[in-house]
Amino acid sequence: MTGKFIFILGAGPNIGQHVAKKFAANGYKIAVSSRSGGSPVSEEYLSVKADLTDPTTVASAFKQLRDTWGDPSIVVYNAAAVHFGHADDAFSLSLGNFQEDLSVNVSSLYAAIQESVKGWKNLPEAFPKVFIYTGNMLNVSGARPAMLTLGVGKTAGAHLIDGAVKSYGSHGYRFYYADERNPNGSPVGSSPDAKAHAEAYFQLAEDPEQRPWDYTFVKFKGFTKF
Ligand SMILES: NC(=O)c1ccc[n+]([C@@H]2O[C@H](COP(=O)([O-])OP(=O)(O)OC[C@H]3O[C@@H](n4cnc5c(N)ncnc54)[C@H](OP(=O)(O)O)[C@@H]3O)[C@@H](O)[C@H]2O)c1
């Protein structure tokens, strides 16, 4: 065990990289996973390869971290997948595409929560233990037929986060479904603000109390109930 670090699953150029920068600037080591990962390991940075369409790779990724640095204190699940279907036919996707998206959006998330909780038992009491799932408004907005698998995924993901709070909140573990919104409550669409996410995620990591798990937040304002 070599000190506290954050593990970001699905660390792309936008939210993942900004969250990584924010935590690095505040003394955390950074571990990331992506399909193209597996690049350098340094004192402060570790990249592992994981294709989350196969949920069994989550345990392998956590094992790789465990064997190198120990268990992550903060875990961010940022990956998402969507095959777009027809706007007027929610059931136009092949079963294979449906399953693939649900593996990334739900099954690998489930596995990541399991692995996080398993690892937190090995960490010192003083370390924060926080899991954040990057969500959106689809868990409450109703179905959008063209992006059914994203909506099913985020809705199930929110349910998993709620279940995790109810299962492990009493252990001091904290879980969030983070959903950035515009000030009027509308969805931010395809342009989430990466810096706003980084700021919100750092605040959630630092707060020893569980805030509302369905963490709807607005850029420069923070948590906002809609
Ligand atoms: N609040 C909102 O309304 C809102 C709006 C837009 C997006 N979002 C959410 O924000 C998150 C991502 O946004 P972003 O801007 O950070 O995008 P991003 O920079 O593209 O990061 C997403 C990452 O997910 C990874 N990923 C996708 N499929 C994967 C797979 N099968 N296995 C492993 N990794 C996979 C990709 O990594 P590789 O390609 O390198 O594997 C990608 O880097 C998603 O959860 C999305 O739903 C929320």
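Data block above holds the structure.
Everything quoted here is computed from the prediction, not taken from an experiment. (Residues numbered from 1 in each chain as written. Predicted model: local features only at pLDDT ≥ 70, side-chain atom pairs only at ≥ 80, totals over all residues. Heavy atoms only, no water.)

A.B. asks: How should I be thinking about the pattern of salt bridges in this particular structure?
C.D. replies: Where charged atoms of side chains with opposite charge meet at close range, the side chains can pair. A full pass over the atoms with the stated rule returns nine salt bridges. Residues arginine 181 and aspartate 179 are paired through a salt bridge, measuring 2.8 Å at the closest nitrogen-oxygen approach. Take arginine 181 and aspartate 179: they sit in the same class, and that class is buried. What emerges from the salt-bridge pattern is a single network uniting Arg66, Asp71, Glu115 and Lys118. (Salt bridge = Lys/Arg side-chain N within 4 Å of Asp/Glu carboxyl O. Buried < 20%, exposed > 50% of the residue type's maximum accessible area, 1.4 Å probe, protein only.)

A.B. asks: It is not clear to me how the side chain of aspartate 179 should be interpreted in this structure. Could you clarify?
C.D. replies: Note that aspartate 179 resides in strand β6 (residues 174–181). Take aspartate 179: its relative accessible area is 1%, and that puts it in the buried class. Reaching out from aspartate 179, the side chain makes a polar contact with the side chain of arginine 181 at a distance of 2.8 Å. Each residue touching aspartate 179, except ones within four places of it in the same chain, is listed here: Gly135, Asn136, Met137, Asn139, Tyr215, Thr216 and Phe217. (Helix = DSSP H or I, 4+ residues; strand = E, 2+ residues; numbered from the N terminus. Polar contact = N/O pair within 3.5 Å; in protein donor to acceptor, adjacent residues only side chain to side chain. Contact = heavy atoms within 4.5 Å.)

A.B. asks: Where do I start with helix α3 (residues 95–120) in this structure?
C.D. replies: Helical geometry: 3.6 residues make up each α-helical turn, so side chains three or four residues apart lie on a common side. Along its 26 residues, α3 runs 36 Å from first to last C-alpha, staying within 8% of the 38 Å computed at 1.5 Å per residue. In α3, a bend of some 50° at serine 103 exceeds every other bend along the element. (Expected span 1.5 Å × (residues − 1). Bend = angle between axes of the 7 residues up to and from the residue.)

A.B. asks: Help me understand the packing of helix α2 (residues 56–68) against α3, please; the structure alone is not making it clear to me.
C.D. replies: If you want to describe how two helices pack, look at the angle between their axes and the distance between the axes. Following both chains from N to C, one finds α2 and α3 inclined at 30°, their axes separated by 9 Å at the closest point. With respect to each other, α2 and α3 are oriented roughly parallel. Viewed along their axes, α2 and α3 form a crossing whose handedness is right-handed. Here Val58, Ala59, Phe62 and Arg66 of α2 come into contact with α3, specifically with Ser108, Ala111, Ala112, Glu115, Ser116, Lys118 and Gly119. Of the residues in the contact of α2 with α3, the class split is five nonpolar, three polar and three charged. (Axes fitted to C-alpha atoms, helices over the stretch in contact; angles between N-to-C directions. Parallel < 35°, antiparallel > 145°, perpendicular 65-115°, else oblique. Left-handed = near helix turned anticlockwise from the far one by under 90°. Nonpolar A, V, L, I, M, F, W, Y, C, P; charged D, E, K, R; others polar.)

A.B. asks: Mind showing me how you'd approach the site of the ligand here?
C.D. replies: Neighbouring residues of the ligand: 26 residues in total, closest Gly12, Asn14, Arg35, Leu52 and Gly189. In the environment of the ligand, an oxygen atom lies 3.1 Å from a nitrogen or oxygen atom belonging to the backbone of asparagine 78. Separating a nitrogen atom of the ligand from a backbone N or O atom of glutamate 180 is a distance of 3.2 Å. Across the complex, the protein chains shield 82% of the 910 Å² of accessible surface that the ligand would expose by itself. The residue inventory of the shell around the ligand, partitioned by class, reads ten nonpolar, eleven polar and five charged. (Near = heavy atom within 4 Å. Areas by Shrake-Rupley, 256 points an atom, 1.4 Å probe, with all protein chains shown as cover.)

A.B. asks: Any chance you could explain helix α1 (residues 15–25) here in plain terms?
C.D. replies: Those residues of α1 that fall on the buried side of the exposure criterion are Ile15, Gly16, Val19, Ala20 and Phe23. Burial along α1 is one-sided: seen end-on, the buried residues are contained in an arc of 130°. Exposed and oriented more than 90 degrees from the buried face of α1 are Lys21 and Ala25. On its buried side, α1 packs onto β1 (5–9), β2 (29–34), β4 (74–77), β5 (130–134) and α6 (194–206). Glycine 27 sits one or two positions beyond α1 and adopts a positive phi of about 90°. (Arc of directions from axis to C-beta.)

A.B. asks: How should I be thinking about the side chain of threonine 134 in this particular structure?
C.D. replies: In this structure, threonine 134 sits in strand β5. A polar contact of 2.8 Å, which involves the side chain of threonine 134, links it to the side chain of tyrosine 201. The contact partners of threonine 134, leaving out residues within four places of it in the chain, are Ile15, Val76, Tyr77, Asn78, Lys154, Ala178, His197 and Tyr201.

A.B. asks: I tried to follow the nonpolar core on my own but got confused; where do I start?
C.D. replies: Most often, soluble globular proteins have nonpolar side chains that are buried together. Phe7, Leu52, Tyr77, Ile113, Phe131 and Phe175 are the most contacted members of the largest nonpolar core, which totals 35 residues. Contributions of two or more residues to this core are made by β1, β3 (45–49), α2, β4, α3, β5, α5 (148–168) and β6. Looking at this core element by element, the count peaks at seven residues for α3. (Core = buried A, V, L, I, M, F, W, Y, C linked by side-chain atoms within 4.5 Å.)

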